[in-house]
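Descriptive structure summary
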Amino acid sequence: MSLPNISRVSASGLLRSSCDLRWLLRSVAPLAAPRRALTHMGYRRPGQPREDRPPWWRVKFDLAKGLKGMKRHFKLLKEEFFAPFVGPMGKPIIEHMLEQNQVLWEFRGPHSLQEWTISCDREIGGKSEIYLKVGRNNESCLLYGTLCSDPPKDGETRYSGYCTMRSKQPLASFDRKKYHDWSSFNTLHLRVRGDGRPWMINIVPETYYTHQKDDMYSYFLYTRGGPYWQDVKIPFSKFFLAHRGRIQDDQHPVWLDKINSIGFTLGDKADGPFQLEIDFIGVCKDYAHTEDFAYEKYKRNPEV
Amino acid sequence: MAPLIYSALIISLGLGTTMTFASTHWYLAWMGIEINTLAIIPLMAQNHIPRAIEATTKYFFVQATASATLLFAGISNAFLTGQWDITYTPYTLTSTLITLALAMKIGLAPLHSWMPEVMQGLNLLTGLILSTWQKLAPLYLIYQIQPNNPNIFIALGLMSIIVGGWGGFNQVQLRKILAYSSIAHLGWMILILSFSPPLALLTIIIYILMTFSLFSSFMLTRTTHINSLSTTWAKIPILTISTPLILLSLGGLPPLAGFMPKWMILQELTKQSLCPLATMAALSSLFSLYFYLRLSYAMTLTMPPNNPAGTLPWRLNPQHNTLPLALTTTSTICLLPMTPAIMSLMPF
């Protein structure tokens, strides 16, 4: 894929642009995969031209689309209003109490891919590729691509080589943020079929008020290369806290009541093609698993 | 937390509320409330987990906003009236501002949104302090100002009862349910405050007794989710009997003590010829009763879907003192026959 032409910006232009709020916008090379929404400040590759158009020029005004959107949002609002009459979160209380398993994402057709977004280091100028499609017979999803660890030649990026798939933030009516509440469960259950590569499962909770937006809880997913499916059950007590990829000293178990997204990342520095097939992702309550947290919590002032 | 620091914070909490109780000047009252806020912040954030930090941040923002509004209203009142006395608020603008600031402080609807989120991030002990002790100083100030027009209190009260009931419908987290319960009970207190302040005092005393016993029960069984209530029978069987009674008392069912304040409030509202208001309040509290019943059902009438023989825990002696729980539970369940005695003690 060719990169856009890099235009030289004059010194006066740089000075002007440094005072301009348009530096918040970034221009990236188009990917084969759907782009992530710009919820956080993005990375602009050095030398890439800045986006000239203000945000309001980039919106396509369409009355029919707007009306359709309003209808959808009001329908969601109506469902949210009447859901408590059935029970908490629209489910009867007896279901909340008795459920031991809940399938969150089941890949059974193209519509199931809408809730996921993929990304790779191509956004920062790398050479990896990632694609997501529905598996055979609409029974799974296939995440595949090529990993390449060559860093982009921009003079500042030193490491590269990652591919990731992440669930989108669930949204309520009028695009309000909604969260997954997995507090009734203690284990993550996946049915996957991999190619022997080690993946990292990342759980991202709500981090707006803690100002730690790069906090995530991670654990490993080792896949077998065989033709047989793999049932992976990972207790949530095993997930450790990392910030921007760095494991923190002050560890604590993940709070499951406000989860924004879950993701799978490949970054094993082994260049070449990869494949991961996922049947479903769910959570379950394993009554035999009584561990609160698998790691030692860092105590700054230990009692002697 | 180091015991010395912990003691200092607890003493500061007591100091703040006492300072507000003892003050007649707006500055001193405001200072007492600020000391309260600042003392509970480290208690909330003592666990360095994101949810606790989130709760602390939200609590701080809300309380700071309310304190700033309160100070502004107090200074405006002093500017207009020429004096700093808390009880003298003849101007509607300043008394309304003060009322709204204090309503935000205690979490009355429509300024209640912070309460469930904050409670969810705290441990049960800090949540108990937030639900009970932190309400005393602002309620005292609300009691002092006594606005000329009680409509604002009626509006806040009724809205809180409805919102407190409706919000609890959708919850499975116990702390959020207790937050909405707190909002609903505060609604009852505010509703009657302008007509009969001693009844509001009675309501808050009974509410503190009931909430303390409920929080203590949950602390003993370490439950924070409605699912884990169903395993209480295996941990402490006696709580399986007493906690539903506490919950029904919170719901205001006779012959439990929680019926007492609701009965008296409805009687007083009827005497004041506010029958429609009394009817609406009584009907709105049915929402709250529904989720209390749901908790009672989960605790007493359900079994968890696991093999009981494999999960019975050891019944060890409780590590912490259960005497306060015993006393408050007994009061919550058995205090209703004492109503005539309590009424005679009330300064009507």
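Residues numbered from 1 in each chain as written. Chains lettered and ligands numbered in written order. Predicted model: local features only at pLDDT ≥ 70, side-chain atom pairs only at ≥ 80, totals over all residues. Heavy atoms only, no water.

**Section: the side chain of Thr132 of chain B**
All names here are of chain B. Convention followed: Put simply, DSSP H or I for four residues or longer makes a helix, DSSP E for two residues or longer makes a strand, and each gets a number counted from the N terminus. Between buried and exposed lies partly exposed: a residue is buried under 20% and exposed over 50% of the maximum accessible area for its type, with that area taken using a 1.4 Å probe on protein chains only. The criterion used for residue contact is that any of the two residues' heavy atoms lie within 4.5 Å.
In this structure, Thr132 sits in the loop between helix 6 (124–131) and helix 7 (133–145). A relative accessible area of 10% places Thr132 in the buried class. In this structure Thr132 touches Ile208 and Thr211, once residues within four positions along its chain are discounted.

**Notes on the interface of chain B and chain A**
Note the threshold: Put simply, buried area is the surface a 1.4 Å probe can reach on two separate parts but cannot reach once they are joined, added for both. Throughout this description, the term salt bridge denotes a Lys or Arg side-chain nitrogen within 4 Å of a carboxyl oxygen of Asp or Glu. Here a polar contact is taken to be a pair of N or O atoms separated by no more than 3.5 Å, where protein atoms must pair a possible hydrogen donor with a possible acceptor and residues adjacent in sequence count only if both atoms sit in side chains. Classes in brief: Ala, Val, Leu, Ile, Met, Phe, Trp, Tyr, Cys and Pro nonpolar; Asp, Glu, Lys and Arg charged; the others, Gly included, polar.
Contacts between the two partners involve 28 residues from chain B, matched on the other side by 26 residues from chain A. Between chain B and chain A lies a buried interface of about 2,700 Å² when both sides are counted; carbon and sulfur atoms form 64% of it. Remark: the boundary between chain B and chain A carries 3 salt bridges. Our count for the chain B to chain A interface comes out at 9 residue pairs in polar contact (both at pLDDT 80 or more). Those elements that provide at least two residues to the side of chain B that touches chain A are helix 3 (50–81), helix 5 (114–120), helix 11 (226–229) and helix 15 (275–300) of chain B. No other element matches helix 3 of chain B, which puts 6 residues into the side of chain B that touches chain A. Split by residue class, the side of chain B that touches chain A holds 10 nonpolar, 12 polar and 6 charged.

**A short note on the domain arrangement of chain A**
Put simply, an interface is often sized by how much accessible area is lost when its parts join up. Residue and element names in this part refer to chain A. Filter applied, for reference: For the domains described, the bounds stem from an automatic or database domain assignment.
For chain A, the assigned domains are domain 1 (59–98) and domain 2 (100–284). For domain 1 and domain 2, the distance between their C-alpha centroids amounts to 26 Å. If you look at the interface, domain 1 gives 8 residues, while domain 2 gives 8 residues. Across the domain 1/domain 2 interface, buried area totals approximately 680 Å², and carbon plus sulfur atoms make up 52% of it.

**Side note on the packing of helix 2 (residues 26–44) of chain B against helix 6 of chain B**
Residue and element names in this part refer to chain B. To keep things clear, this is the line we draw: Axis definition: a line fit to C-alpha positions, over the contact stretch in the case of helices; interaxial angles, taken between N-to-C directions, run 0 to 180 degrees. Roughly parallel covers angles under 35 degrees, roughly antiparallel covers those over 145, roughly perpendicular covers 65 to 115, and oblique covers all other angles. Two helices that cross are described as forming a left-handed crossing if the nearer one is turned anticlockwise from the farther one by less than a right angle, and a right-handed crossing if clockwise.
Remark: helix 2 packs on helix 6, axes separated minimally by 10 Å, with the N-to-C direction vectors making an angle of 160°. The angle between the axes of helix 2 and helix 6 places the two elements in the roughly antiparallel class. As for the relative orientation of helix 2 and helix 6, their crossing is left-handed in sense. When helix 2 is examined against helix 6, the residues Ile40, Leu43 and Met44 are found in contact with a partner set consisting of Thr126, Ile129 and Leu130. Of the residues contributing to the contact of helix 2 with helix 6, the split by class is 5 nonpolar, 1 polar and no charged.

**Observations concerning the packing of aromatic side chains**
All names here are of chain B. This is how it is decided: Pairing of aromatic rings covers Phe, Tyr and Trp, the last counted by its six-membered ring, and requires centre-to-centre distances within 6.5 Å; plane angles under 30 degrees mean stacked, over 60 mean edge-to-face, and any other angle means tilted.
Counted by the stated rule, this structure contains 29 aromatic pairs over all chains. Both rings, one in Trp166 and one in Phe287, keep their centres 6.2 Å apart while their planes meet at 75°; by these two values the pair is edge-to-face. With Trp166 in helix 8 (residues 151–168) and Phe287 in helix 15, this residue pair connects regions lying 121 residues apart in the sequence. Accessibility expressed as a relative area gives 26% for Trp166, which makes it partly exposed. Exposure remark for Phe287: the relative accessible area of 28% places this residue in the partly exposed category.

**Section: the UniProt feature "transmembrane region" (unreviewed entry) in chain B**
Residues and elements named next belong to chain B. In plain terms, the rule: UniProt positions are given in the numbering used here, feature names are shortened, and annotations may be inferred rather than shown by experiment.
Feature annotation in UniProt places "transmembrane region" (unreviewed entry) on residues 57–79, 91–111, 123–145, 151–170, 177–195, 201–221, 233–253 and 273–293, given in this structure's numbering. The annotated region residues 123–145 carries 91% helix and 0% strand content, and the separation between its end C-alpha atoms amounts to 33 Å. Secondary structure within residues 201–221 divides into 100% helix and 0% strand; the distance between the first and last C-alpha atoms comes to 31 Å.

**Some details on the domain arrangement of chain B**
Residue and element names in this part refer to chain B. According to the domain assignment, chain B consists of domain 1 (1–132) and domain 2 (149–305 + 322–347). Of note, the centres of domain 1 and domain 2, computed from C-alpha atoms alone, are 23 Å apart. Counting from both sides, the interface comprises 23 residues of domain 1 and, opposite them, 25 residues of domain 2. Of the roughly 2,200 Å² buried where domain 1 meets domain 2, counting both sides, 79% is carbon and sulfur surface.

**Quick word on the sheet that holds strand 7 (residues 198–205) of chain A**
Residue and element names in this part refer to chain A. We apply this condition: When DSSP locates at least two bridges between a pair of strands, those strands are taken to pair.
Within the open sheet, the 7 strands sit side by side as 2-5-12-7-8-10-11. Their pairing is antiparallel. Edge positions in the open sheet fall to strand 2 (116–120) and strand 11 (246–247), since each of these has one partner strand only. Relative to strand 11, strand 10 (residues 240–243) is paired through 2 bridges, and the arrangement is antiparallel. Among the inter-strand pairings, Ala242 is bridged to a residue of strand 11, identified as Ile247.

**Brief notes about helix 10 (residues 197–221) of chain B**
Residue and element names in this part refer to chain B. Rules: Helix span, as expected, comes to 1.5 Å for every residue beyond the first.
With 25 residues, helix 10 extends 36 Å between its outermost C-alpha atoms, agreeing within 8% with the 36 Å of an ideal straight helix rising 1.5 Å per residue. Counting buried residues in helix 10 gives 19 out of 25 residues, a clear majority hidden from the surface. Within two residues after helix 10, Arg222 carries a phi angle of roughly 55°, on the positive side.

**Section: the pairing of strand 13 (residues 272–284) of chain A**
All names here are of chain A. Taken across its 13 residues, strand 13 has 11 buried, putting it largely inside the fold. Of the pairings in the sheet, the one linking strand 1 (residues 101–106) to strand 13 comprises 5 bridges and is antiparallel in character. Looking at strand 13, one finds that Gln102 is bridged to Val283. Bridging between strand 4 (residues 141–147) and strand 13 involves 7 bridges; their strand directions are antiparallel. When the sheet's bridge partners are listed, Cys141 is paired in strand 13 with Ile278. In this sheet, strand 13 lies alongside strand 6 (residues 187–193) in antiparallel orientation, the contact comprising 7 bridges. Looking across to strand 13, one finds that Thr187 is bridged to Cys284.

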